[in-house]
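# Topology and contacts: notes
So the chains spell out like this:
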Amino acid sequence: MTGLRLAVFDVDGTLIDSQDFIVEAMNRAFGAMGVTLPSRDEVLSIVGLSLHDAIGRLVPTLSGSEVAEASEKYKDMFIKLRAEKGGEATAPLYPGARAALEHLHTQDEVLLGVATGKARRGLDHAYDAHDLRHFFVTSQTADNHPSKPHPSMLQAALAETGAEAAQAVMIGDTSFDMEMGRAAGFRTIGVTWGYHPRDSLIAAGADLLIDSFADVIPALDDLWRTA
């Protein structure tokens with residue numbers, strides 16, 4: 001046992017409420033292709049997956065080349081939205097997120113990480129917009145890993161930090177986060193303020209559900225104490 005504890009957070013829907021930009025960029029991308037626009041709920045249901053997998057799941061009738069085209073258009077549209085409206089800078093942190101991160105950051109035995117379906121460029125924008133970078137010792141993005149729920153991101157986080165899976169927790173708002181955590185041997189906390197409903201988080205194997213960031217610290221303590 002190393003004595004280290006690792007808490008890994010998802011970003012969109014967990015730390016940052018970026019749904020408006022994701023939905024608008026996706027709708028602009030599909031609109032530019034002349035493809036029927038998916039509903040808001042449908043778009044939010046695939047947040048957290050890597051972009052290619054998300055679009056393929058969102059519109060399964062698209063060909064491989066069309067999925068690739070839609071992925072590029074989404075990236076272009078998100079960059080345009082970032083220039084027009086400020087992007088991640090205007091996507092708020094969820095209430096209590098910063099206070100929870102600051103508290104955990106003061107604990108020497110606790111290491112913090114991120115595992116996100118965002119590209120590195122998008123994560124860097126989110127870090128800079130909200131001054132989050134210094135909290136995290138490991139940051140895993142879609143650029144270098146298979147899409148969630150594959151455990152690759154969390155396995156890399158363990159390798160980078162030296163923590164053990166038995167003392168690691170994945171915190172996220174989607175079933176993909178819960179499934180990824182379980183696949184990597186992590187305990188899992190599902191947050192109910194994000195983009196997947198409670199039933200989906202429970203079905204995906206969440207160890208605990210929490211309704212606000214005020215509950216993050218006690219939930220982590222409970223899981224680490226019983227690990």
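That block above? That's the structure.
Every chain is numbered independently, its residues counted from 1 as its sequence is written. Under the rules for a predicted model, residues below a pLDDT of 70 receive no local features and side-chain atom pairs below 80 are neither given nor counted, while totals for whole chains, interfaces and linings still include all residues. Heavy atoms throughout the structure, all of them, feed into the side-chain values; hydrogens and water do not.

### Describing the pattern of salt bridges
- Should a side-chain nitrogen of Lys or Arg be within 4 Å of a carboxyl oxygen of Asp or Glu, the pair is scored as a salt bridge. Under the counting rule described, the total for this entry stands at twelve salt bridges.
- In this structure, K118 engages D12 in a salt bridge whose closest nitrogen and oxygen atoms are separated by 3.3 Å. Taken together, the positions of K118 in the loop between strand 2 (110–115) and helix 6 (120–130) and D12 in the loop between strand 1 (5–9) and helix 1 (19–33) put the pair 106 residues apart, joining distant regions of the chain.
- Using a relative accessible area of 11% as the deciding quantity, one classes D12 as buried. Where helices and strands are cited, they refer to DSSP runs of H or I of at least four residues and of E of at least two residues respectively, numbered from the N terminus. Whether a residue is buried, partly exposed or exposed follows from its accessible area with a 1.4 Å probe, protein chains only, as a fraction of its type maximum: under 20%, in between, or over 50%, in that order.

### Let's talk about the pairing of strand 5 (residues 187–191)
- Across the five residues of strand 5, four count as buried, placing the element largely inside the fold.
- Note: strand 4 (residues 168–172) against strand 5, four bridges, orientation parallel. By the bridge assignment, G172 is partnered in strand 5 with G190.
- This β-α-β element, strand 4 to helix 8 (residues 175–183) to strand 5, shows right-handed connectivity.
- As a crossover connection, the stretch from strand 5 through helix 9 (residues 198–203) into strand 6 (residues 208–210) is right-handed. For two strands to count as paired, DSSP must find a minimum of two bridges between them. Clockwise travel from the first strand over the helix to the second, with the strands pointing away from the viewer, marks a crossover as right-handed.

### Overview of the packing of helix 3 (residues 51–58) against helix 4 (residues 64–85)
- Here, axes are lines fitted to C-alpha atoms. For helices the fit covers the stretch in contact, and angles between N-to-C directions go from 0 to 180 degrees. Two elements in contact, helix 3 and helix 4, have axes separated by 9 Å at closest approach and are oriented at 115°. The chirality of how helix 3 crosses helix 4 is right-handed. In this structure, helix 3 contributes L51, H52, I55 and G56 to the contact, and helix 4 contributes V67, A70, S71, Y74 and K75.
- The class makeup of the residues in the contact of helix 3 with helix 4 is five nonpolar, three polar and one charged. In a left-handed crossing the near helix is turned counterclockwise from the far helix by less than a right angle, and in a right-handed crossing that turn is clockwise. It only takes one pair of heavy atoms within 4.5 Å for two residues to be counted as in contact. Throughout this entry, Asp, Glu, Lys and Arg are counted as charged residues, while Ala, Val, Leu, Ile, Met, Phe, Trp, Tyr, Cys and Pro are counted as nonpolar. The remaining residues, Gly among them, count as polar.

### Some details on the sheet that holds strand 6
- Taken together, six strands build an open sheet; the order of strands is 3-2-1-4-5-6 and the sheet is parallel. With partners counted over all chains shown, the strands left at the sheet margins are strand 3 (138–140) and strand 6, one partner each. On average, adjacent strands in this sheet sit at an angle of 20° to one another, irrespective of strand direction.
- Looking at chain direction, strand 1 and strand 4 are connected through four bridges and run parallel. Bridge pairing links A7 to V169 in strand 4.
- Lying over the sheet, helix 8 contacts strand 2, strand 4 and strand 5, oriented at roughly 170° with respect to strand 4.

### Some words on the side chain of S175
- Inspection of the secondary structure assignment puts S175 in helix 8.
- Residue classification places S175 among the buried positions, given a relative accessible area of 12%.
- Those residues in contact with S175 that sit more than four places away from it in its chain are H196, S200, L201 and A204.

### As for the side chain of S147
- Of note, S147 is situated in the loop between strand 3 and helix 7 (152–161).
- Polar contacts, as used here, are pairs of N or O atoms within 3.5 Å; protein pairs need one atom able to donate a hydrogen and one able to accept it. Residues neighboring in sequence count only if both atoms are side-chain atoms. Polar contacts involving the side chain of S147 include one to the main-chain amide nitrogen of S50, which spans 3.0 Å.
- What S147 contacts, discounting residues up to four positions off in sequence, is L49, S50 and D53.

The values are spatial; any link to function lies outside them.
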